[in-house]
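A structural walkthrough
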Amino acid sequence: MAERALADRLYASIPEDDPRFAELRAVLATVTQRGKGSPVPRMLGEWALLGFLLTSGKLGTGDLGPTIAMPTDLPDPQEVLAIRQQVAAAAQAWDFE
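The model shown is predicted, which means the values in this text are computed figures rather than measured ones.

Our next topic: a nonpolar patch on the surface. Judged by side-chain polarity, Trp 47, Leu 50, Leu 54 and Leu 59 come together as a nonpolar surface patch covering roughly 340 Å² of accessible area. Tracing the backbone through its elements, the reader meets Leu 59 in the loop between helix H2 (40-56) and helix H3 (77-93).

Now the structure itself:
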């Protein structure tokens, strides 16, 4: 059977009222580069691939050996989003671009 060709561009639905997507929406909202150079499509594609690999069992979640410790001094994504919104509001109030 011949394999059906996929479109070059696929669209994803990220519903606002679904709490499973809250963190994803917050991360995507922090992306400032828009248009052709935006990293959002690549990010969504990578996350979709990881989700597919995990749910299909092709990527195990078992012990893969020593893990790399995450830095503890990273800011909270929600705080970063709130600060960006405050800066944008202040810039708009002062008519900066």
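If you walk through the whole model with that rule in mind, you get three salt bridges. The salt bridge partner of Arg 25 is Glu 16, with a shortest N-O separation of 3.9 Å. Residue Arg 25 is classed as partly exposed on the basis of its relative accessible area of 32%. Across the salt bridge formed by Arg 42 and Glu 46, the nearest N and O atoms sit 3.2 Å from each other. Here Glu 46 and Arg 42 lie together in helix H2, a separation of four residues that amounts to about one turn.

The next point concerns the side chain of Ser 38. Tracing the backbone through its elements, the reader meets Ser 38 in the loop between helix H1 (22-29) and H2. Under the relative-accessibility criterion, Ser 38 is labelled buried at 15%. Polar contacts involving the side chain of Ser 38 include one to the main-chain amide nitrogen of Val 40, which spans 3.2 Å. What Ser 38 contacts, discounting residues up to four positions off in sequence, is Val 31 and Gln 33.

Cut-offs used in this document
Going along each chain's sequence as written, the residues are numbered from 1 onward. Only residues with pLDDT of 70 or above have their local features reported here, since the model is predicted, and side-chain atom pairs are shown and tallied only from 80 upward, although totals for entire chains, interfaces and linings are computed over all residues. To obtain the side-chain values, all non-hydrogen atoms of the structure were used and water was disregarded. Candidates for patches are residues over 30% relative accessible area with no salt bridge; among them, like charges are joined within 9 Å and nonpolar side chains (Val, Leu, Ile, Met, Phe, Trp, Tyr) within 5 Å. Accessible surface is estimated by sampling points in the Shrake-Rupley manner with a 1.4 Å probe; for residues, cover comes only from the protein chains shown. What counts as a salt bridge is simple: a side-chain nitrogen of Lys or Arg found within 4 Å of a carboxyl oxygen of Asp or Glu. Under the scheme used here, helices are H or I runs from DSSP no shorter than 4 residues and strands are E runs no shorter than 2 residues, and both carry numbers assigned from the N terminus. We call a residue buried when its accessible area falls under 20% of the maximum for its residue type, exposed when it is over 50%, and partly exposed in between, using a 1.4 Å probe and counting protein chains only. The definition of a polar contact used here is a pair of N or O atoms within 3.5 Å, where within protein one atom must be able to donate a hydrogen and the other to accept one, and adjacent residues in sequence count solely through side-chain atom pairs. The contact criterion used is simple: two residues touch if any of their non-hydrogen atoms lie within 4.5 Å.

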